[in-house]
Amino acid sequence: MTAAQGSPEECRGGAPVGHGPFAAGPAGVDPRAREAIENIVQAVRAGDDARIRTLLAALAAVADTAALLYLRERLYAAE
């Protein structure tokens, strides 16, 4: 991105995508994967191992590389 275009955050209205309760996620991520990812993040933060396993299985059915990278981003994001 050039200086004339601004930062990615500025182009999206100032808030980083993928953070907060209404995370939009990257444009290329399947909505089913986004929903599973947000549920996985909640289960990880709650320490619910059984739910994590179930949700990971559901994510595996619809995930691609972009979804997996988004999951990583969400898991490393501050609460």
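These numbers come from a predicted model, not from an experiment.

**Description of the confidence of the model for the chain**
Close inspection of predicted coordinates is inappropriate in any region flagged by low pLDDT.
Stage number 1. On average, residues of the chain score 78 in pLDDT, and 68% of them reach the 70 mark or higher.
Stage number 2. Within the chain, the element-level pLDDT minimum falls on helix 1 (residues 8-11), averaging 38, and the maximum on helix 3 (residues 49-62), averaging 97.
Stage number 3. Contacts for the low-pLDDT stretch residues 1-22, under 50 throughout, to residues beyond four places or in other chains number 23 contacts.

**Remarks on helix 4 (residues 65-76)**
Stage number 1. With 12 residues, helix 4 extends 17 Å from end C-alpha to end C-alpha; this agrees with the ideal 16 Å at 1.5 Å per step.
Stage number 2. Taken residue by residue, helix 4 has Ala67, Tyr70, Leu71 and Arg74 as its buried positions. The arc that holds every buried residue of helix 4, seen down its axis, measures 105°, which confines them to one face. Turned more than 90 degrees away from the buried face of helix 4, the exposed residues are Thr65, Leu69, Arg72 and Tyr76.
Stage number 3. Among the structural elements, helix 2 (31-46) and helix 3 are those in contact with the buried residues of helix 4.
Stage number 4. Taking the backbone nitrogen of Ala66 as reference, a side-chain oxygen 3.3 Å away marks Asp64 as the first, capping residue of helix 4.

**What about the pattern of salt bridges?**
Stage number 1. Applying the stated criterion across every chain, the model contains two salt bridges.
Stage number 2. The salt bridge involving Arg32 is made with Asp30; its shortest N-O contact spans 2.7 Å.
Stage number 3. A residue is classified by how much of its surface remains accessible, and Arg32, at 53% relative accessible area, is exposed.
Stage number 4. Among the residues examined, Asp30 registers a relative accessible area of 23% and is labelled partly exposed.
Stage number 5. Among the salt bridges present, the one from Arg74 reaches Glu38, with a minimum N-O distance of 2.9 Å. One end of the pair, Arg74, is in helix 4; the other, Glu38, is in helix 2, with 36 residues separating them in the sequence.
Stage number 6. We classify Glu38 as buried; its relative accessible area is 17%.

**Points about the environment of Arg45**
Stage number 1. Inspection of the secondary structure assignment puts Arg45 in helix 2.
Stage number 2. If we ignore the near neighbours within four places in the chain, the residues touching Arg45 are Arg74, Leu75, Ala77, Ala78 and Glu79.
Stage number 3. Reaching out from Arg45, the side chain makes a polar contact with the backbone oxygen of Arg74 at a distance of 3.3 Å.

Reading the values: rules and limits
Residues numbered from 1 in each chain as written. Predicted model: local features only at pLDDT ≥ 70, side-chain atom pairs only at ≥ 80, totals over all residues. Heavy atoms only, no water. pLDDT = per-residue confidence, 0-100. Helix = DSSP H or I, 4+ residues; strand = E, 2+ residues; numbered from the N terminus. Contact = heavy atoms within 4.5 Å. Expected span 1.5 Å × (residues − 1). Buried < 20%, exposed > 50% of the residue type's maximum accessible area, 1.4 Å probe, protein only. Arc of directions from axis to C-beta. Polar contact = N/O pair within 3.5 Å; in protein donor to acceptor, adjacent residues only side chain to side chain. Salt bridge = Lys/Arg side-chain N within 4 Å of Asp/Glu carboxyl O.

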